[in-house]
Amino acid sequence: MKTFSQLKKGLAGVACGLALFAGGVFTANTINPTAHISAATVSNLKENEIDIKAKSAVAIDAKTGQILYAKNANQKRETASMSKLMTIYLVLDAIDNKKLSWDQKITPSKGAVKVSQNTNYSNVPLKEDHEYTVRDLYRATVIYSANGAAMALGDQIGGTQQKFIDMMNSEAKKMGIKDAEFYTANGLDNGDVGQDKYKGAPDSAANKMSANGMAILSQKLLADHPEVLKTTSIKEAKFDNGDTKTDMPNWNWMLKGLTKSYSALPVDGLKTGTSDAAGANFAGTVHKDGHRVITIVMGARHKNDEDTSRFEETQKLMSYVYNNYTYTNVKSGLNFKKDSKLPVYHGKELTVPTKTQGTSHLWLENDIDSNAITGQVTGNKKLYKKDGLEAPIKKGQKVGTYELTVKGQKTPFIDGSDGIKTTAVASKADKKANIFVTGWRAVKDLF
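Residues numbered from 1 in each chain as written. Predicted model: local features only at pLDDT ≥ 70, side-chain atom pairs only at ≥ 80, totals over all residues. Heavy atoms only, no water.

Caption draft 1: How the structure looks around the nonpolar core. In this structure, V58, L137 and I296 are the most contacted members of the largest nonpolar core, which totals 71 residues. Looking at which element gives the most residues to this core, the answer is helix α2 (residues 84-96), with nine residues. If sequence neighbours within four positions are ignored, V58 has contacts with I67, Y69, A70, A73, A211, N212, A215, I294, T295, I296 and L317. Counting residues in each nonpolar core, the second largest holds 25 residues, with A57, W253, F311 and L317 among its members. (Core = buried A, V, L, I, M, F, W, Y, C linked by side-chain atoms within 4.5 Å. Buried < 20%, exposed > 50% of the residue type's maximum accessible area, 1.4 Å probe, protein only. Helix = DSSP H or I, 4+ residues; strand = E, 2+ residues; numbered from the N terminus. Contact = heavy atoms within 4.5 Å.)

Caption draft 2: Local environment of the sheet that holds strand β2 (residues 67-71). Overall, antiparallel pairing links the five strands, which are arranged β2-β1-β11-β10-β9 in an open sheet. Each edge of the open sheet is held by one strand with a lone partner, namely β2 and β9 (267-275). For this sheet the average axis-to-axis angle between neighbouring strands, irrespective of direction, equals 5°. Sheet topology places strand β1 (residues 56-61) next to β2; four bridges connect them, and they run antiparallel. Directly across from A59, in β2, lies its bridge partner Y69. Each of β1, β2, β9, β10 (279-288) and β11 (291-300) is contacted by helix α7 (residues 211-224), which is oriented at about 145° to β11, the strand it contacts most. (Pairing = 2+ DSSP bridges. Axes fitted to C-alpha atoms, helices over the stretch in contact; angles between N-to-C directions.)

Caption draft 3: Up close: the environment of K260. By the secondary structure assignment, K260 is in the loop between β8 (245-249) and β9. Along the backbone, K260 and F311 are 51 residues apart, and their C-alpha atoms lie at a distance of 6.7 Å. Contact partners of K260, with chain neighbours within four places excluded, come to W253, M254, T308, F311 and E312.

Caption draft 4: Representation of the pairing of strand β14 (residues 351-357). Both strand β13 (residues 341-345) and β14 contribute to a ladder of three bridges, which runs antiparallel. Of the residues in β14, the one forming a bridge with P343 is T351. Hairpin connection between β13 and β14: a loop of five residues separates the two successive antiparallel strands, and H346 in this loop has a positive phi of roughly 60°.

Caption draft 5: Geometry of the sheet that holds strand β19 (residues 398-406). Ordered in space as β16-β19-β20-β14-β13-β18-β17, the seven strands form an open sheet in which the pairing is mixed. Every other strand in the sheet has two partners, leaving β16 (373-379) and β17 (384-385) as the edge strands with one partner each. In this sheet, strand β20 (residues 420-426) lies alongside β14 in antiparallel orientation, the contact comprising four bridges. What sits directly across from T354, in β20, is A426.

Caption draft 6: Region of interest: α2. The end-to-end C-alpha separation of α2 is 18 Å, in line with the 18 Å expected for 13 residues at 1.5 Å each. Across the 13 residues of α2, 11 count as buried, placing the element largely inside the fold. Along α2, the positions that sit buried rather than exposed are K84, L85, M86, T87, I88, Y89, L90, V91, L92, A94 and I95. Where the residues of α2 are buried, they touch α4 (134-144), α5 (147-158), α6 (161-174), α7, β9 and β10. Directly after α2, the chain includes K98, whose backbone phi takes a positive value near 65°. (Expected span 1.5 Å × (residues − 1).)

This is the structure:
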């Protein structure tokens, strides 16, 4: 039997609860939102299933960034002329932002001209007293990996090489690439660009990035500027330098009709890179059966300029992806029982069921089917009041994000997440509870 003192405390609690329930007490019975699952970008995945003869490599889906293979992919290495992908990205950005135009004329600096006339490097010879269009310099950079042309473009965008290099490093950070080091616009060592070397850095300083970083750069380039493929797929062109023309064969020998082309893999980009320190590098991309894959091979064998090792390893890697994974569409309207509910603040129901909205895709290993796809939902905190979505909630309202993963298969993504993200919507409406219900909940929790 309760004492008078205990009854007094209980009645005081009830009075307090009745006084407060209209003001928004949220009870401890509310379910907490599911935490977001994420991880650092993986360095190795399936690396023992295929012997890629290169120091590092990675293969990703070009649209979603799903990693399909990785070997030492977080290892920072010399990028050599693959660095020009960032120069190309900034050129196309400047075109889009009206800071450059294709027919705009550029007179190259003394530094760019001097580098362009060095026959030890891939180049088209430039003249100090001659003007070149942005289009001509861009094509020379993309197709023939012309080092002086890349510098001339960098000067026009940044004002000086130093400022342009700062732009390259800044853009890499914006893309989420944490390990990028740029010292030159073209991938040559710092000391190789003479008067335009990056101040404060040694002559031996070389552009560096991991295979994962290069995959992010390639993915971003294709997403923001898909028109680049119109140029990367050109097998040969000529550069007009005033009184003569220079042949520009594409260094990507996997293009259709070239030495290492393969009919089952219609490669249409992106960029090679070679140096004594880097070995042979290749950022490749292939569009097959309606979807695109990006591969990065770094540090392949390079005995001489005729060595085709990087392309052979790329072919091996691309073939592995298409032979061992199934491109699978993920339909809209999926839900995953308890992992699909979100808490509701002052709702008639304390939770609301959700489902996915919008289609996407995952690459599934051949022995795994779509029934293995699972997901967890995270609520949009901007819609929360205290610990739940604020009622009322409409059916079909966007309330959060799903992260989809696969049972029995690792699904890392190049952005560091463990699954693909898609929109979560409410499967049904949840009206706001009336004052008596919210009051009773407050009182009930006092006992």
